[in-house]
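Overview (structure and organization)
Below are the chains, spelled out letter by letter.
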Amino acid sequence: MRYPLTVRNLLERSRTMFAHKEIVSRMPTGVVRHTYGQYYGRVSQLAHALTDLGVGRGDRVATFAWNHHRHLEAYFAVPCMGAVLHTVNIRLPAEHIIHILNHAEDKVLLVDEDLLPAILPLRDQFKTVEQIIVMADHPLTAENVVDYETLISGRPTTFAWPEDIDEWEPAGMCYTSATTGNPKAVLYAHRAIFLHSMLLCMADTLGLSESDTVLPVVPMFHVNAWGLPFAAVWMGTKQVLPGARPHPADIAQLLQDEKVTITAGVPTVWLGLLQVLEKGDYDLSALRAIACGGSAVPRALAEAYRKKLGLPILHAYGMTEAAPLTHVARLKSHLTILPPDAQQDIYDKQGLLVPGLEMKILDQAGNEVPWDGKTFGEVVMRGPWIAAEYYKDDRSSDTFYDGWYHTGDIGIVDQEGYLKLVDRAKDVIKSGGEWISSVDLENAIMAFPGVAEAAVIACPHTVWDERPLACVVPKADAKGALHKEAILEFLRNRFPHYWVPDDAVFLDELPKTGTGKFDKKVLRGKFQGHYMAG
Ligand code: ADP
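Residues numbered from 1 in each chain as written. Predicted model: local features only at pLDDT ≥ 70, side-chain atom pairs only at ≥ 80, totals over all residues. Heavy atoms only, no water.

The next point concerns the pattern of salt bridges. Within this structure, the stated rule accounts for 35 salt bridges. The salt bridge partner of D393 is R395, with a shortest N-O separation of 2.8 Å. The shortest N-O distance in the salt bridge between K520 and E442 comes to 2.6 Å. Here K520, found in helix α17 (residues 520-526), pairs with E442, found in helix α15 (residues 438-446); they are 78 residues apart in sequence, far enough to count as distant. K520 gets classed as buried once you look at its relative accessible area, which sits at 9%. In the salt-bridge network here, residues are joined through shared partners; they are R42, R70, E73, D137 and E149. (Salt bridge = Lys/Arg side-chain N within 4 Å of Asp/Glu carboxyl O. Helix = DSSP H or I, 4+ residues; strand = E, 2+ residues; numbered from the N terminus. Buried < 20%, exposed > 50% of the residue type's maximum accessible area, 1.4 Å probe, protein only.)

Written out as structure tokens, the structure reads:
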């Protein structure tokens, strides 16, 4: 029998085996609880409502929402009925939102009530959206929109999910930022979500299981919250969804109250939480893993968590094009005898390639470089959940060629197979023909007492082409007490002299991208003339 790998299988398992397990959402009215049994009913009701709105096989349904139960309902109703779930990043600028809704040709848009003000003024520019559904907690009277609860209420709580969906049919789509121009779209086939969900449950990756309670801080619009909601439904894992604009204190409270065992987010989230944990007294003893990725985990951050919670941060690497997980930094058994510092050196890396994928490191001529722990090259990968192209985009061939996905990330692999990223190709600093790793410098600066955040960028320089500039945000209590000469001297003792930035500037905060990463493009623009003037 040829059994297709489709998302329906994930949903049915939670209904038949884990109907009593909970989905907890932090909503404006307080914490709301649903069981997987109720969840299945609501997913079915949504599917009926969407069918009545004319959503059919292959149609795109967009969401513009925080992490909560209604968003999770769309996660399954849409793909299980054969349509495609398009999760839109709510932090994109208006022109990108307009572009991607038109590019995806979304038919229906599900929006959170508090995000409606960002959407309504753009409505006339959406060429294909026929209906806006507002995910509100109460009936709405706004014009030309319907509210979610009224729409689904009273409908049947089961749905005859199509059984002829092919595993290669698209189930979801996400857009990822491009260096220039509009965001690029990646389609996720049912089989990619199926296999990637299985991947998250492997003991050597995140080991997600029924006995866990998972809190994805990573937004459900950022590569499907790294696939966690799909895997959690499948396993019957209790989910805790932090709702709109969660502050670090809200996260700490949920982690404690719901006895969360595994949570996930970008480093800036954990930097923020750390400040709360340092002040308050929270019992996070249930926590077994903090998965962190999206950008490199600063060593100081990982060490602070290890000290505070006795937990190493679980460093993961991935990208939109890979659904997203490709690497996890776990210690091989024979390396557990290493002293703590040497172990931390390994945890700092992006880690080992996950089962199922293939990876090569290529030099600029496209030749494979050895896994010797010192030779740099571009990371290229292929595998069952890695995209083959961008959706309807003539930039695809810049990234997908020779049968491989070219990540644009520059890395080194050691003899054990651990990948360490040194930069994104677009962030690399090239000084006098030599590469300088901004990531290594940032890590060192963030370990300096009194530093909250740091980004090192390339600034044009008349003699050296580019020279590094350190952009530093002091901790609240270190403002005025931090001196740039001390930081640069600290770096001089750790790096070759030509790596050390010529200057450091202090900022109140670093600009962040829509996915919470330091936005070096903005910094480069701002400090473009720093070494040229005078
Ligand atoms: P965007 O580019 O829009 O932020 P992605 O989330 O897909 O979208 O970004 C993927 C990129 O993020 C990777 O190619 C890599 O450059 C970076 N990245 C992801 N995880 C890590 C990590 N653990 N360490 C360093 N960089 C990372």
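The next point concerns the side chain of Q45. By the element assignment, Q45 lies in helix α2 (residues 36-52). Owing to a relative accessible area of 11%, Q45 belongs among the buried residues under this scheme. The residues contacting Q45, other than those within four sequence positions of it, are I152, G154, R155, P156 and T157. (Contact = heavy atoms within 4.5 Å.)

Turning to the nonpolar core, a few remarks are in order. Counting residues in each nonpolar core, the largest one holds 92 residues, and the members touching the most others are Y39, F76 and W161. The element contributing the most residues to this core is α2, with 8 residues. Of the residues that make up this core, three or more belong to each of domain 1 (13-246) and domain 2 (356-424). The next biggest cluster of nonpolar side chains, apart from the first, holds 36 residues, and it includes A452, V472, L482 and F495. (Core = buried A, V, L, I, M, F, W, Y, C linked by side-chain atoms within 4.5 Å. Domains from an automatic or database assignment.)

Moving on to the sheet that holds strand β13 (residues 289-292). Strand pairing in a sheet takes place through backbone hydrogen bonds and is either antiparallel or parallel in direction. The strand order β2-β1-β11-β10-β12-β13-β14-β15-β16 describes an open sheet built from 9 strands, whose pairing is mixed. Bordering the open sheet on either side are β2 (30-35) and β16 (352-353), each of which pairs with just one other strand. With 3 bridges joining them, strand β14 (residues 313-318) and strand β15 (residues 325-328) adopt antiparallel strand pairing. By the bridge assignment for β15, A316 is matched with V328. (Pairing = 2+ DSSP bridges.)

Next up on the list: helix α10 (residues 248-257). Looking only at α10, the buried set comprises I251, A252, L254 and L255. In an axial view of α10, the angular spread of the buried residues amounts to 165°, which keeps them on one side of the axis. Those residues of α10 that are buried lie in contact with β1 (22-27), β2, β10 (213-216), β11 (238-241), β12 (262-265) and α11 (267-279). Immediately beyond the C-terminal end of α10, within one or two residues, lies K259, with a positive phi of roughly 50°. (Arc of directions from axis to C-beta.)

Residues in close proximity to the ligand total 19 residues, the closest being S177, A316, T320, D409 and K517. Measuring from a nitrogen atom of the ligand, one finds a side-chain N or O atom of H315 at 2.8 Å. Taking K517, its side chain carries an N or O atom lying 2.8 Å from an oxygen atom of the ligand. When the ligand is considered free in solution it has 570 Å² of accessible area, and contact with the protein chains removes 92% of it. Counting residues per element, the ones that place at least two in the shell around the ligand are β14 and β21 (419-424). With 4 residues, β14 is the largest single contributor of residues to the shell around the ligand. Its residues placed into classes, the shell around the ligand shows 5 nonpolar, 11 polar and 3 charged. In terms of domain composition, the shell around the ligand takes at least three residues from each of domain 1 (13-246) and domain 2 (356-424). (Near = heavy atom within 4 Å. Polar contact = N/O pair within 3.5 Å; in protein donor to acceptor, adjacent residues only side chain to side chain. Areas by Shrake-Rupley, 256 points an atom, 1.4 Å probe, with all protein chains shown as cover. Nonpolar A, V, L, I, M, F, W, Y, C, P; charged D, E, K, R; others polar.)

Mapped onto the fold, D52 is located in helix α2. Residue D52 is classed as exposed on the basis of its relative accessible area of 59%. Linking D52 and G351, residues 299 residues apart in sequence, is a C-alpha distance of 47 Å.

To continue, consider the domain arrangement of the protein. By domain assignment, the protein separates into domain 1 (13-246), domain 2 (356-424) and domain 3 (429-526). For domain 2 and domain 3, the distance between their C-alpha centres works out to 26 Å. Counting from both sides, the interface comprises 8 residues of domain 2 and, opposite them, 10 residues of domain 3. Put simply, domain 2 and domain 3 have 1 salt bridge between them. The residue D440 makes a salt bridge to K420 at a minimum N-O spacing of 2.8 Å. Linking domain 2 with domain 3 are 3 residue pairs in polar contact (both at pLDDT 80 or more). By residue number, the principal contributor to the side of domain 2 that touches domain 3 is β21, which donates 5 residues. For the side of domain 2 that touches domain 3, a count of residues per class yields 4 nonpolar, 1 polar and 3 charged.

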